[in-house]
Amino acid sequence: MTTTAPHPRPTKTPDAEHPARIPRLPVRILPLAPAIVLLLLFLAGPVAYCVYIAFTDLQLTGQAQESFVGFDNFTRAFGDEAFLNAVWLTLVFTVLSSLIGQNTLGLALAALMQRASKPVRTLTGGIVVTAWVLPEVVAGFLLYAFFRREGTLNAILDWLHLPSQNWLFTLPILAVSFANVWRGTAFSMLVYSAALNEIPKEITEAAEVDGAGGWRRMWHITLPMIRRSIGTNLMLNTLQTLSVFGLIWVMTRGGPGGRSQTLPLFMYEQAFQNSLIGYGTAVALLLLLVGSLFSLIYLRLLRTEV
């Protein structure tokens, strides 16, 4: 009886075992290529050019070619009393109209609407949201007509036999802060309404049964449970308020005497009225830095709560 040796199995080479694969990274990036190109072209490109302009003495008139001046524009800004005044007014405007006004009033409206009837919620929400969706210029004209010397507010005060005044002259930064609160509270109200709806009713009902009053429930239950929404709302409102231009420009144009001139208006004045494009762009970068600092603070606070 003869036996035959078994045929050896053919060994698989690495190429046979693992066929050629197409690299995954280029395949994944390929669908995003048009969006990346558009972002580089219309976002990163202009930002990089603005950074370059901030270090030059570019002007709109009377100059053949700009020259590189380094940090001279930034040094000039911190030595300019008008710039420091604009920084101070920007912080006052942001704190009054965003951190205090829109945030507090939006939370109060959202909390009250939780207990209101459906017709009241619909009417209140419609009125508040209407002020929000109005164009900034239209809202500015409405508030200008309200605060001017012959405006609605003084007419009401005269009817009540109370002293009236030219609010846009005596208290311009307060007038524009109130205008920003009137226009922007709807966003905070919507954010807090969504956050309050996520709180389980069992928790608030149990606290109410235990004898906790409205203020105690708000302080010990509601606010801790919506703290992340509060942080997000504060960050978004702050960034939006820092960039407000049209509302203040229509109402006061930064006056009188620069007493309502925030950084966006100061930047516009230097770049387009004084034709100092380089200096105005440097101010814009400093405004961007202020917004970045606020964002980092809020993100830091939100991260510590996780």
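Structure first, text after, so check above.
Here we summarise the structure given alongside this text. As the structure is a prediction and not an experimental result, all values here were calculated from the model.

Okay, the packing of aromatic side chains next. Tallying each qualifying case throughout the model produces 17 aromatic pairs. Ring centres of F83 and F266 lie 6.0 Å apart, and the angle between their planes is 55 degrees; on these two criteria the pair is classed as tilted. With F83 in helix α5 (residues 81–115) and F266 in helix α15 (residues 263–273), this residue pair connects regions lying 183 residues apart in the sequence. With relative accessibility at 3%, the residue F83 sits in the buried group. Arranged with centres 6.5 Å apart and planes meeting at 15 degrees, the rings of F146 and F178 form a pair that is stacked. Note that F146 is positioned in helix α7 (residues 136–147) and F178 in helix α10 (residues 172–197), a separation of 32 residues in sequence. A relative accessible area of 42% places F178 in the partly exposed class. One aromatic cluster is present, built from ring pairs that chain together F55, F68, F71 and F74. Over the ring of Y279 we find R76, and its NZ or CZ is 4.3 Å from the ring centre. Positioned above the aromatic ring of F169 is the side chain of R259, whose terminal nitrogen or guanidinium carbon lies 5.4 Å from the ring centre.

Another aspect to go through is the nonpolar core. Ranked by size, the top nonpolar core spans 28 residues in total, and within it F83, I226 and Y279 carry the most contacts. Of all elements in the fold, only α4 (72–78), α5, α10, α13 (227–242), α15 and α16 (277–304) reach the threshold of two or more residues within this core. Among the elements that make up this core, the one with the highest residue count is α16 (seven residues). Sequence-distant contacts of I226, defined by excluding residues within four places in its chain, comprise L107, Y192, A195, L196 and I199.

For the rest of this paragraph, the subject is the environment of R259. As for its placement among the helices and strands, R259 is situated in the loop between α14 (246–251) and α15. The class for R259 is partly exposed, based on a relative accessible area of 35%. Along the primary structure R259 and A86 are separated by 173 residues, whereas in three dimensions their C-alpha atoms are 8.4 Å apart. Beyond its immediate chain neighbours, meaning those up to four positions away, R259 contacts L89, F169, T170, P172, I173 and G254. One polar contact links the side chain of R259 to the main-chain carbonyl oxygen of F169, over a distance of 2.4 Å.

Turning to helix α6 (residues 118–133), a few remarks are in order. Across its 16 residues, α6 extends 22 Å between first and last C-alpha, which sits within 8% of the 22 Å expected from 1.5 Å per residue. Those residues of α6 not exposed but buried are G125, V128 and A131. Down the axis of α6, the buried set is contained in an arc of 125 degrees. They therefore lie on one face. The exposed residues of α6 that point more than 90 degrees off its buried face are K118, P119, T122, L123, I127 and V133. Buried residues in α6 make contact with α5 and α10.

Turning our attention to the side chain of S188. One can find S188 in helix α10. When sequence neighbours within four positions are dropped, the list of residues in contact with S188 reads Q102, N103, G106, N233 and N237.

Each value, and the rule that gives it
Residues numbered from 1 in each chain as written. Predicted model: local features only at pLDDT ≥ 70, side-chain atom pairs only at ≥ 80, totals over all residues. Heavy atoms only, no water. Phe/Tyr/Trp six-rings, centres within 6.5 Å; stacked < 30°, edge-to-face > 60°. Helix = DSSP H or I, 4+ residues; strand = E, 2+ residues; numbered from the N terminus. Buried < 20%, exposed > 50% of the residue type's maximum accessible area, 1.4 Å probe, protein only. Lys NZ or Arg CZ within 6 Å of the ring centre and 35° of its normal. Core = buried A, V, L, I, M, F, W, Y, C linked by side-chain atoms within 4.5 Å. Contact = heavy atoms within 4.5 Å. Polar contact = N/O pair within 3.5 Å; in protein donor to acceptor, adjacent residues only side chain to side chain. Expected span 1.5 Å × (residues − 1). Arc of directions from axis to C-beta.

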